[in-house]
Amino acid sequence: MAFGREKIEYKTAAQVAGMRRAGIVVADAHAAVRAALRPGATTADLDAVAARVIAEAGATPSFLGYHGYPAVLCVSVNEEIVHGIPGDRVLEPGDVVSVDCGAIVDGWHGDAAFTMVLPDADPADVALSEATEAALWAGIAALATGERLGGVGEAVEDVVEASGVRYGIVQEYVGHGIGSAMHQPPEVLNYRTREKGARLRAGLCVAVEPMLTRGKRHTRVLEDDWTVVTQDGSRAAHWEHTVAIGPEGVWVLTAHDGGAARLAELGVTVAPWLPEGSTPA
Ligand code: MF3
Ligand code: CO
């Protein structure tokens with residue numbers, strides 16, 4: 001996914017409103033999957049839950065068939081980072097489970113992921129997931145307050161540094177522009193580079209998705225050609241939201257509250273961007 005300097009698709013308010021509808025479907029699927037996530041469930045059970053929510057909303061799952069991907073969700077457990085394929089694996093107490101879901105409504109995409117650590121959790125795994133989630137929200141806040149996209153990676157690195165734990169920050173997989181396709185330019189890096197990145201302006205919509213590990217950052221892909229695991233076998237977490245930048249600020253399209261609660265903690269006010277005469281979803 002080397003988007004390089006390809007053209008960015010800047011959205012109108014009406015198009016962002018369409019993306020919000022996709023985002024809500026993804027948020028609903030997340031909620032239903034969370035409720036079903038427990039030891040004894042299989043990863044395929046979770047996939048079925050998400051498939052039902054998306055179908056009942058009249059939406060389309062975006063992962064299914066994407067480059068031949070065989071499921072609605074990616075469910076990545078323990079040392080799996082992303083792109084785990086749901087199947088008959090039975091979840092166990094203490095598992096670190098990352099769930100990634102994408103949906104399409106009227107051609108517009110939403111994409112989001114969360115990690116849940118099952119009961120009997122190792123506190124260090126809970127801390128891993130919390131640090132990754134904090135990195136996500138810091139990255140989103142950087143979209144609200146910054147000038148350039150590179151601020152996301154700086155924010156992620158700052159959160160990791162402040163945690164006092166030497167987490168690995170995955171580099172091979174990155175966030176991305178999103179809109180009429182799931183993956184668009186620009187790339188959204190989770191680490192600092194010399195380039196400041198694209199200028200942040202109204203209509204830019206991106207998926208921010210940091211992935212942290214409890215060990216080294218290096219990855220490898222399993223024989224199934226999908227599942228990405230840590231090379232050192234350390235556990236990983238993945239959090240993601242689809243975010244729209246509007247004229248007044250950011251709007252987290254895949255969060256039911258638009259990101260209001262988590263961003264308030266960071267001193268950022270959410271700014272839904274609505275076409276004239278419409279009301280917030
Ligand atoms: N949601 C992933 C991402 O964040 C993509 C999933 S890959 C797929 O970019 F093949 F499962 F679709
Ligand atoms: Co994504």
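These remarks concern the structure in this document.

Calculation rules
Residues numbered from 1 in each chain as written. Chains lettered and ligands numbered in written order. Predicted model: local features only at pLDDT ≥ 70, side-chain atom pairs only at ≥ 80, totals over all residues. Heavy atoms only, no water. Helix = DSSP H or I, 4+ residues; strand = E, 2+ residues; numbered from the N terminus. Polar contact = N/O pair within 3.5 Å; in protein donor to acceptor, adjacent residues only side chain to side chain. Contact = heavy atoms within 4.5 Å. Salt bridge = Lys/Arg side-chain N within 4 Å of Asp/Glu carboxyl O. Buried < 20%, exposed > 50% of the residue type's maximum accessible area, 1.4 Å probe, protein only. Core = buried A, V, L, I, M, F, W, Y, C linked by side-chain atoms within 4.5 Å. Donors = N, O, S within 2.8 Å, 3.2 Å for Na, K, Ca; no water. Near = heavy atom within 4 Å. Areas by Shrake-Rupley, 256 points an atom, 1.4 Å probe, with all protein chains shown as cover. Nonpolar A, V, L, I, M, F, W, Y, C, P; charged D, E, K, R; others polar. Pairing = 2+ DSSP bridges. Axes fitted to C-alpha atoms, helices over the stretch in contact; angles between N-to-C directions.

The next thing to look at is the environment of Glu187. Its place among the elements puts Glu187 in strand S8 (residues 184–188). Once the C-alpha coordinates of Glu187 and Ala198 are considered, the two residues, 11 residues apart in sequence, prove to be 9.3 Å apart.

Mapped onto the fold, Thr132 is located in helix H3 (residues 123–145). A distance of 2.7 Å separates a polar side-chain atom of Thr132 from the backbone oxygen of Leu128. Sequence-distant contacts of Thr132, that is, excluding residues within four places in its chain, are made with Pro210, Met211, Leu212, Ala237, His238 and Trp239.

What follows concerns the pattern of salt bridges. Under the criterion given, the structure shown has 11 salt bridges. Arg52 is the salt-bridge partner of Glu56, the closest N and O atoms lying 3.9 Å from each other. One end of the pair, Glu56, and the other, Arg52, are both in helix H2 (residues 43–56), 4 residues apart, so they sit about a helical turn from each other. Across the pair Arg262 and Glu133 runs a salt bridge, and its minimum N-O distance is 3.1 Å. Taken together, the positions of Arg262 in helix H5 (residues 260–265) and Glu133 in helix H3 put the pair 129 residues apart, joining distant regions of the chain. Take Glu133: its relative accessible area is 17%, and that puts it in the buried class. Through salt bridges with shared partners, a single ionic network connects Asp122, Asp125, Arg214 and Arg235.

Further remarks concern the nonpolar core. Counting 72 residues, the largest nonpolar core has Val33, Leu37, Ile140, Leu143 and Leu263 as its most contacted members. No other element matches the 10 residues that H3 contributes to this core. Contacts of Ile140, omitting those with residues within four sequence positions, involve Val208, His241, Val243, Val250, Val252 and Leu263. Core analysis: the next-biggest nonpolar cluster, separate from the first, contains 7 residues, Ile81, Val82, Val170 and Met211 among them.

Right, let's talk about the coordination of the cobalt ion (ligand 2) for a bit. Only Asp111 (OD), His176 (NE2), Glu209 (OE) and Glu240 (OE) from the protein coordinate the cobalt ion (ligand 2), and they sit 2.0 to 2.3 Å from it. Coordination of the cobalt ion (ligand 2) draws on donor residues from a single chain, spaced D-x64-H-x32-E-x30-E in sequence. One end of the pair, Asp111, is in strand S5 (residues 108–117); the other, Glu209, is in the loop between strand S9 (205–208) and strand S10 (211–213), with 98 residues separating them in the sequence. Its relative accessible area of 7% is what places Glu209 among the buried residues.

This brings us to the site of ligand 1. Neighbouring ligand 1 are 13 residues; Phe63, Asp100, Asp111, His183 and Glu209 lie closest to it. Within the side chain of Asp111, an N or O atom sits 3.0 Å from a nitrogen atom of ligand 1. The side chain of Glu240 places a nitrogen or oxygen atom 3.1 Å from an oxygen atom of ligand 1. A total of 330 Å² of accessible area belongs to ligand 1 in isolation, and the protein chains cover 96% of it. For the shell around ligand 1, the residue count by class is 6 nonpolar, 3 polar and 4 charged.

Strand order in the open sheet made by the 5 strands is S8-S7-S9-S14-S15, with antiparallel pairing throughout. Because the sheet does not close on itself, it has two edges, and the strands there are S8 and strand S15 (249–252). The mean inter-strand angle of the sheet, taken between neighbouring strand axes irrespective of direction, is 25 degrees. Relative to S15, strand S14 (residues 241–246) runs antiparallel, the two being bridged by 4 bridges. Note on S15: the bridge partner recorded for Gly246 is Gly249. Against the sheet, helix H1 (residues 13–36) contacts S9, S14 and S15, and its axis sits at roughly 30 degrees relative to S15.

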